[in-house]
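The primary structure of each chain is shown beneath.
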Amino acid sequence: MVADEAAFTPTGFRQKSSREFAISWSDGVESVYPVRALRLACACAHCIDEWSGEGRLDPASVPDDVHPLKIESVGRYAIQIEWSDGHGTGIYPFRRLRALADAVADDPTKPP
Ligand SMILES: [Zn+2]
């Protein structure tokens, strides 16, 4: 579906507050992520075992106030985030970010 592609292209990033990070998408949606959850969702080889797919990152090692220091685009499909805890190898594909946002926004108390 070509129409869906717009949902997977970010138009802007900003740190909304000390604990929230926001991504604006080309379909007009703004996704807000708990910053630390985004750090914990890192799927790089340091954080996820490449062979077993199991998490290797100890959440206790990630500070509560972790935040992005630098965000770089990777091709046309992803961003790479350098974090304040010194971790900088995580690549976040747009589709994964969007899926994460939808998961975070999936609040059953809200009307559809
Ligand atoms: Zn990582």
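In this report, we go over the structure that sits alongside the text. For clarity, every value in this text was computed on a predicted model and none was experimentally measured. (Residues numbered from 1 in each chain as written. Predicted model: local features only at pLDDT ≥ 70, side-chain atom pairs only at ≥ 80, totals over all residues. Heavy atoms only, no water.)

A few words on the environment of Asp-64. Counting through the fold element by element, Asp-64 comes out in the loop between helix H1 (35–40) and strand E4 (68–74). Looking at Asp-64, the relative accessible area reads 51%, which means it is exposed. Once the C-alpha coordinates of Asp-64 and Ala-37 are considered, the two residues, 27 residues apart in sequence, prove to be 9.9 Å apart. The contacts of Asp-64, once residues within four sequence positions are left out, are Arg-19 and Arg-36. (Helix = DSSP H or I, 4+ residues; strand = E, 2+ residues; numbered from the N terminus. Buried < 20%, exposed > 50% of the residue type's maximum accessible area, 1.4 Å probe, protein only. Contact = heavy atoms within 4.5 Å.)

Next up on the list: the pairing of strand E1 (residues 10–17). Two strands pair when backbone bridges link them, and E1 and strand E2 (residues 20–25) are joined in this way by 6 bridges, in the antiparallel orientation. Each bridged residue has a counterpart across the sheet, and for Phe-13 the counterpart in E2 is Ile-23. (Pairing = 2+ DSSP bridges.)

Cys-42 (SG), Cys-44 (SG), Cys-47 (SG) and His-87 (NE2) make up the full set of protein donors to the zinc ion, lying at 2.0 to 2.4 Å. Each of the 4 donor atoms bound to the zinc ion contributes to angles spanning 100 to 116 degrees, and the resulting shape is tetrahedral. Each donor residue of the zinc ion belongs to the same chain, and together they define the spacing C-x1-C-x2-C-x39-H. Summarising the burial analysis for this pair, Cys-44 and Cys-47 share the class buried. (Donors = N, O, S within 2.8 Å, 3.2 Å for Na, K, Ca; no water. Tetrahedral: all angles 85-135°; square planar, octahedral: opposite > 155°, others 65-115°.)

This paragraph deals with the sheet that holds strand E5 (residues 78–83). Spatial strand order, E4-E5-E6: 3 strands in an open sheet with antiparallel pairing. Of all strands in the sheet, those bounded by a partner on one side alone are E4 and strand E6 (90–93). Averaged over all adjacent pairs, the angle separating strand axes in this sheet is 30 degrees, with direction ignored. Across 6 bridges, E4 lies against E5 in antiparallel orientation. (Axes fitted to C-alpha atoms, helices over the stretch in contact; angles between N-to-C directions.)

The next subject is the packing of aromatic side chains. As enumerated under the stated definition, the model contains 2 aromatic pairs in all. Aromatic pair Phe-13 and Phe-21: ring centres 6.4 Å apart, planes at 15 degrees, arrangement stacked. Look at Phe-21 and you get buried, because its relative accessible area is 2%. Taking the ring centre of Phe-8 as reference, the NZ or CZ of Arg-95 above it sits at 4.1 Å. (Phe/Tyr/Trp six-rings, centres within 6.5 Å; stacked < 30°, edge-to-face > 60°. Lys NZ or Arg CZ within 6 Å of the ring centre and 35° of its normal.)

By themselves, these figures tell us nothing about what the structure is for.
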